Structure formats: structure tokens, C-alpha cells
Amino acid sequence: REFLAFLALAGCGGNVDYELQPSPKGTGGALYAPVPGYGDGNWIPVLMFGGLSTGITYEIQKGFYVRLGRQVTVWFNIQLTSKGSDVGVAKLNGIPSDIELEPLDAGKFAAIVWSNITTAIFGMYASAASDNTLSLFKITAATAVGPAAVTDADLADTCSISGCVSYIMPPG
């Protein structure tokens, strides 16, 4: 892996690259020094309705995360073969680290792709919650005041949801 911070400056006629110093890259791109606070790995996203996951089965259930300092970005991909029998608000459990919501209230936005949803949804996003889960929200034609929570009634048995969200970990 290459650890490279990249910044695109609009109107400057090009891009400016900023590399971490000291560079963790050795000969042939191999790492010769760890980057402090860096970590990555897999995680297993668990869909819950009302805090439970009774009878939910998956065709695909995978996640990946990258941590750099206190910032964590998680990617998830789930495809159900059955949404089970529980009812209530949909959340993803199992994220790889604690979430700090103050002072930045971070983790509000995510890129989400979905299919086989029973409600006509124009948009969906995930928000990091104080109980260390990702809450799923929908935007529909009927959403006059703002986004509403995704529930079991919005998802078909064979739905799929994938996306990513970034959040900040507590200090220490």
C-alpha cells in the first residue's frame, strides 16, 4: 500500500501531492516503517431491526476499515437472503471502534447504494450513532421535514445495501 495524502487545488492547473514524512515506502513500494496510528482490516456488518437480528441471513456480509489517527472510514456490503422476523429501526452493528460524536458530531454522511427496497427512496445515508452503530436514514417524496429512519418495512427479504462512512474515535 502507498500512504499518500492527495490534495486537488481547483483553478491551479494541476494537482499537488503531499507525501507523509518520513515516507513509509521502501524499495519497490514495500513498507519499511509503520505509519503511527494507521490500521486496517475487515469487520462484519450485522443488520439489526429494533436492536435484534433474529433470522437474518446473508448472501454477502462483509466490511473493511481504514484507521489513520483518530479518523476511521468503514466500508460495508450486505445482501440479504432473508430479513428475519424482527421489526423496528434498521442499524448496522459491529463497527471496528468506538465513535466520538463531540465536538465535531462526525460521521453524519455516507455514500450508500441500495437495491430491492420496498419503499420509493430517493436517497439513503448512514450516520454514526452514540451506541457505536450506523443508523440508516432514507429520503422519500413523503419526507417533508427531513430524513426518516429506515425500518424493516422498507427492506425486502433480498435487499442489498453497501456504502462507506467516516467518523472520529475518542482520544486516548
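All values derive from a computational prediction rather than experimental measurement.

Student: Hey, could you go over the overall build of the protein chain for me, with residue numbers and the actual values?
Tutor: Secondary structure summary: the protein chain contains zero helices and 12 strands in total. Helices (α) and strands (β) of the protein chain occur, in sequence order from the N terminus, as β-β-β-β-β-β-β-β-β-β-β-β. Looking at the protein chain as a whole, 35% of its 172 residues qualify as buried. Restricting to contacts in the protein chain with at least 6 residues of sequence separation, those with at least 24 account for 62%. Looking at the protein chain as shown, the accessible area adds up to about 9,500 Å², and 57% of this sits on carbon and sulfur atoms.

Student: Break down the environment of Pro 45 for me, with residues and values.
Tutor: Relative to the elements of secondary structure, Pro 45 occurs in the loop between β3 (38-43) and β4 (46-49). C-alpha of Pro 45 to C-alpha of Leu 92: the two residues are 47 residues apart in sequence and 5.9 Å apart in space. When residues no more than four places from it in sequence are discounted, the contact partners of Pro 45 are Tyr 58, Gln 61, Lys 62, Gly 63, Phe 76, Ile 78, Leu 92 and Asn 93.

Student: Pulling in residues and values, what's your account of the packing of aromatic side chains?
Tutor: By the definition in use, this model includes two aromatic pairs. Ring geometry for Phe 64 against Trp 75: centres 6.1 Å apart, planes inclined by 40°, an arrangement best described as tilted. In this pair, Phe 64 sits in strand β5 (residues 56-68) while Trp 75 sits in strand β6 (residues 71-83), placing the two residues 11 residues apart along the sequence. Judged by centre distance (5.3 Å) and plane angle (20°), the ring pair of Tyr 125 and Phe 137 falls under stacked. Taken together, the residues span a long stretch of sequence, with Tyr 125 in strand β9 (residues 121-128) and Phe 137 in strand β10 (residues 134-140) at a distance of 12 residues. Overall, Phe 137 belongs to the partly exposed group, its relative accessible area being 22%.

Student: With reference to specific residues and values, describe the nonpolar core.
Tutor: Core analysis: the largest hydrophobic core is formed by 29 residues, its most contacted members being Leu 47, Val 74, Leu 134, Leu 136, Leu 155 and Ile 161. Elements with a minimum of two residues in this core: β4, β5, β6, β7 (90-93), β8 (110-117), β9, β10 and β12 (155-168). The contact partners of Ile 161, leaving out residues within four places of it in the chain, are Phe 76, Asn 77, Ile 78, Ile 112, Val 113, Trp 114, Met 124, Leu 136 and Leu 155.

Student: An account of unusual backbone geometry is needed here, citing residue identities and associated values.
Tutor: At Asn 116, a position not held by glycine, the phi torsion is positive, near 55°. Take Asn 116: it is sitting in strand β8.

Student: Can you explain the pairing of β7? Please cite residues and give values.
Tutor: With burial as the criterion, only one face of β7 is covered, namely that bearing Ala 90 and Leu 92; the residues Lys 91 and Asn 93 on the opposite face remain uncovered. Relative to β7, β4 runs antiparallel, the two being bridged by four bridges. Residue pairing for β7: Phe 49 is matched across the bridge by Ala 90.

Student: Break down the pattern of salt bridges for me, with residues and values.
Tutor: Opposite charge on two side chains makes pairing possible when the charged atoms of those side chains draw close. Scanning the model with the defined rule gives one salt bridge in all. For the salt bridge of Lys 138 with Asp 154, the shortest nitrogen-to-oxygen distance reads 2.8 Å. With Lys 138 in strand β10 and Asp 154 in the loop between β11 (148-149) and β12, the pair connects residues that are 16 residues apart, well separated along the chain. Judged by its relative accessible area of 12%, Lys 138 falls in the buried class.

The rules behind the values
- Residues numbered from 1 in each chain as written.
- Predicted model: local features only at pLDDT ≥ 70, side-chain atom pairs only at ≥ 80, totals over all residues.
- Heavy atoms only, no water.
- Helix = DSSP H or I, 4+ residues; strand = E, 2+ residues; numbered from the N terminus.
- Buried < 20%, exposed > 50% of the residue type's maximum accessible area, 1.4 Å probe, protein only.
- Contact = heavy atoms within 4.5 Å.
- Areas by Shrake-Rupley, 256 points an atom, 1.4 Å probe, with all protein chains shown as cover.
- Phe/Tyr/Trp six-rings, centres within 6.5 Å; stacked < 30°, edge-to-face > 60°.
- Core = buried A, V, L, I, M, F, W, Y, C linked by side-chain atoms within 4.5 Å.
- Pairing = 2+ DSSP bridges.
- Salt bridge = Lys/Arg side-chain N within 4 Å of Asp/Glu carboxyl O.

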